[in-house]
Amino acid sequence: MKAHKKPLASARHLNAFLFFGISLPSIACAFQSSKFGIRHSKTSLPVASIDPPKTVEKGTMAPLFADETRASVQQYYGTELKTSNDLKTNACCTAGAPPKYIQECIRNLHESTVAKYYGCGLCLPSYDLTGCSVLDLGCGAGRDVYIASQLVGPKGRVVGVDMTVEQLDAAREQKAYHAEKFGFDNTEFYQGYLESLSDIKALEKESFDVIISNCVINLCTDKPAVLKACYDLLKPGGEMYFSDVYANQRVPMVLQKDPTLWGECLSGALYWNDFVNMAKKAGFSDPRLVEDAPITIQNAGVRDTVVREGFGSLEFYSATYRLFKMEELEPACEDYGQAVIYKGTIPRMQSEFKLDKGHVFETGKVHPVCGNTWYMLEKNPQLKSHFTFIGDFSRHYGIFEGCGTSLPYDKQSSSTTKGSSKGASCC
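The structure presented is a predicted model; accordingly, all values stated were derived computationally and were not measured. (Residues numbered from 1 in each chain as written. Predicted model: local features only at pLDDT ≥ 70, side-chain atom pairs only at ≥ 80, totals over all residues. Heavy atoms only, no water.)

**A short note on unusual backbone geometry**
How we decide: Helical segments are the DSSP runs of H or I of at least four residues, strand segments are the runs of E of at least two, and each set is numbered from the N terminus.
Backbone geometry places Glu206, a non-glycine residue, at a positive phi of 55 degrees. Locating Glu206 in the fold gives a position in the loop between β3 (187-191) and β4 (208-214). The backbone of Cys215 shows a phi angle near 65 degrees, a positive value even though the residue is not glycine. Positionally, Cys215 belongs in the loop between β4 and α8 (223-233).

**Quick look at the environment of Ala279**
Its place among the elements puts Ala279 in helix α11 (residues 272-282). Linking Ala279 and Lys228, residues 51 residues apart in sequence, is a C-alpha distance of 8.3 Å.

**Topic: the packing of aromatic side chains**
Let me state the cut-off plainly: Here the aromatic set is Phe, Tyr and Trp, taking the six-membered ring for Trp, and pairing holds for ring centres within 6.5 Å; pairs whose planes are under 30 degrees apart are stacked, those over 60 apart are edge-to-face, and all others are tilted. Buried residues are those whose accessible area, probed at 1.4 Å on protein chains only, stays under 20% of the maximum for their type, while exposed residues exceed 50% and partly exposed ones sit between those limits.
Counted by the stated rule, this structure contains 19 aromatic pairs. Here the aromatic rings of Tyr246 and Tyr321 are separated by 5.4 Å at their centres, their planes lie at 75 degrees, and the arrangement is edge-to-face. One end of the pair, Tyr246, is in strand β5 (residues 234-247); the other, Tyr321, is in strand β8 (residues 316-324), with 75 residues separating them in the sequence. Of the two residues, Tyr246 and Tyr321, neither departs from the other in class, the shared state being buried. Among the aromatic residues, ring-to-ring pairing joins Tyr336, Tyr342, Phe353, Phe361, Trp374, Tyr375, Phe387, Phe389 and Phe393 into one connected group.

**What about the nonpolar core?**
The condition that has to hold: What makes a nonpolar core is a set of buried Ala, Val, Leu, Ile, Met, Phe, Trp, Tyr and Cys residues whose side-chain atoms join them at distances within 4.5 Å. Two residues qualify as a contact provided that any one of their heavy atoms is within 4.5 Å of a heavy atom in the partner residue.
Membership of the largest hydrophobic core comes to 43 residues, with the highest contact counts inside it found for Leu129, Ile147, Leu151, Phe353, Leu355 and Phe361. Where this core is concerned, the elements lending two or more residues are α3 (100-106), α5 (143-152), α6 (165-173), β4, β9 (338-342), β10 (352-356) and α13 (371-378). The dominant element in this core, judged by the number of residues it contributes, is α5, at six residues. In this structure, Ile147 is in contact with Ile102, Cys105, Ile106, Leu109 and Leu122, ignoring residues within four places of it in sequence. Counting 38 residues, the second-largest nonpolar core is a separate cluster that includes Leu135, Met240, Trp272 and Met278.

**Re the pairing of β4**
The cut-off we apply is this: Between any two strands, at least two bridges found by DSSP are needed for them to pair.
Counting buried residues in β4 gives seven out of seven residues, a clear majority hidden from the surface. Strand direction decides the pairing type here: strand β1 (residues 133-137) and β4, joined by three bridges, are parallel. For Leu135, the partnering residue across the bridge sits in β4 and is Ile211. Bridge analysis of β4 against β5 gives six bridges, and the strand direction is parallel. Residue pairing for β5: Ile211 is matched across the bridge by Met240.

**Regarding the sheet that holds strand β13 (residues 387-390)**
The following threshold applies: Structural elements are reduced to axes, namely lines fitted to C-alpha atoms, with helices fitted over the stretch in contact, and the angle between N-to-C directions of any two is expressed from 0 to 180 degrees.
Ordered in space as β12-β9-β13, the three strands form an open sheet in which the pairing is antiparallel. Looking at the sheet topology across the chains shown, the edges are occupied by β12 (366-369) and β13. Recorded for the sheet is a direction-independent mean angle of 30 degrees between the axes of neighbouring strands. Relative to β13, β9 runs antiparallel, the two being bridged by four bridges. Looking across to β13, one finds that Val340 is bridged to Phe389.

**Some details on helix α7 (residues 175-182)**
For clarity, the threshold we go by: To obtain the arc, one takes the directions from the helix axis to the C-beta atoms.
Every buried residue of α7 is accounted for by His178, Ala179 and Phe182. With its buried residues spanning 105 degrees around the axis, α7 presents them on a single face. Exposed and oriented more than 90 degrees from the buried face of α7 are Ala176 and Glu180. Buried-residue contacts for α7 involve α4 (111-115) and α5. One or two steps after α7, the chain reaches Gly183, where phi turns positive at roughly 90 degrees.

**Remarks on the packing of α5 against α7**
The condition is simple: The labels follow the angle: roughly parallel below 35 degrees, roughly antiparallel above 145, roughly perpendicular from 65 to 115, and oblique for the rest. The crossing is said to be left-handed when, going from far helix to near helix, the turn is anticlockwise and less than a right angle, and right-handed when the turn is clockwise. Under the scheme applied here, ten amino acids are nonpolar (Ala, Val, Leu, Ile, Met, Phe, Trp, Tyr, Cys and Pro), four are charged (Asp, Glu, Lys and Arg), and all others, including Gly, are polar.
Running from N to C, α5 and α7 cross one another at 25 degrees; their axes reach a closest spacing of 11 Å. Viewed along their axes, α5 and α7 adopt a mutual orientation that is roughly parallel. Between α5 and α7 the crossing geometry is right-handed. Listed contacts from α7 to Tyr146, Ser149 and Gln150 of α5 are Lys175, His178 and Phe182. Looking at the contact of α5 with α7 residue by residue, the classes come out as two nonpolar, three polar and one charged.

Written as structure tokens, this is what we have:
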């Protein structure tokens, strides 16, 4: 699959070391090199030398350990890093170049804003964002906030949240420049922890159309709390669109405690099915995988450590998910005999629209869909007008054929070609 992700950095890395229970480190972060891989660095990112708590709720961390680790990471990304050239590894970047319209947005940014972005990708829905309210979690120096600012336009709103004062100072320093450049000012920046979003008074419940992040959500000390807060902040029909690193099995504690593997964004990866269940518990009934790619450990030292500990079957994947806030969604994909037709009217997507890995809608073609997919298209204000809906919910035909719960990721990297993911299963 082609990557459509933005790397973790600054605040995006800030939380990477905050979780040694089941956590998720780096993600959609594919690499600046031409192929996926992990480059080992003798100078790994700082990790507090404290044994993780023996008993913690899945997805959470003991407060004392979280605070000390957070302070260490803040120091590193708040004061030691000045530009992206100061990063010690390239494990959290995406290799794919952003689409042309995003490149055009980047050209409008202040050079210091671009320089302080510790990565090379972007994680945004591909539909028209005009007039939307967007929240960027782990915004760093604001590059993606200012990109989204141009996409939502003068009637939209973009809010960035980060835990690092230095990064937020850099973001705010260029507010006036970008407001003059764009012809409007629609951005806001707030300091805070993603585990405590409710403490930021400017973030009102049900006020955002889209919440984005890259390598942040699943790296927090209390990931279930972050997901629940995001659910509360989204408008009905809105969505989270984000990326991270996942594993095919739960990462064992012996690897989670290895500072090199943690610094290389591997040992904190969340087991994919734990994430799915966590998202459902937060209210996102049907998490949808948009794209994924295997992460190959090319460094011999890192690979040997994993094998030496007896976990050679452990696999890592970068993946982008979208989580819709819709009360109508069911736990499984049910068949009501419905179908949709894409009109080809979304800007830059005249020939087809990709909802997720299993749903690419060709213009003018009738596509059978499950009830959940119907709702995702019909209840999302940015998508509804671009589809014709056939059928209703008056008759149920059972589970939608192909719906299952096996490993959803591709074990081999493959580019997305036209028609490659059409049909297939529902999820």
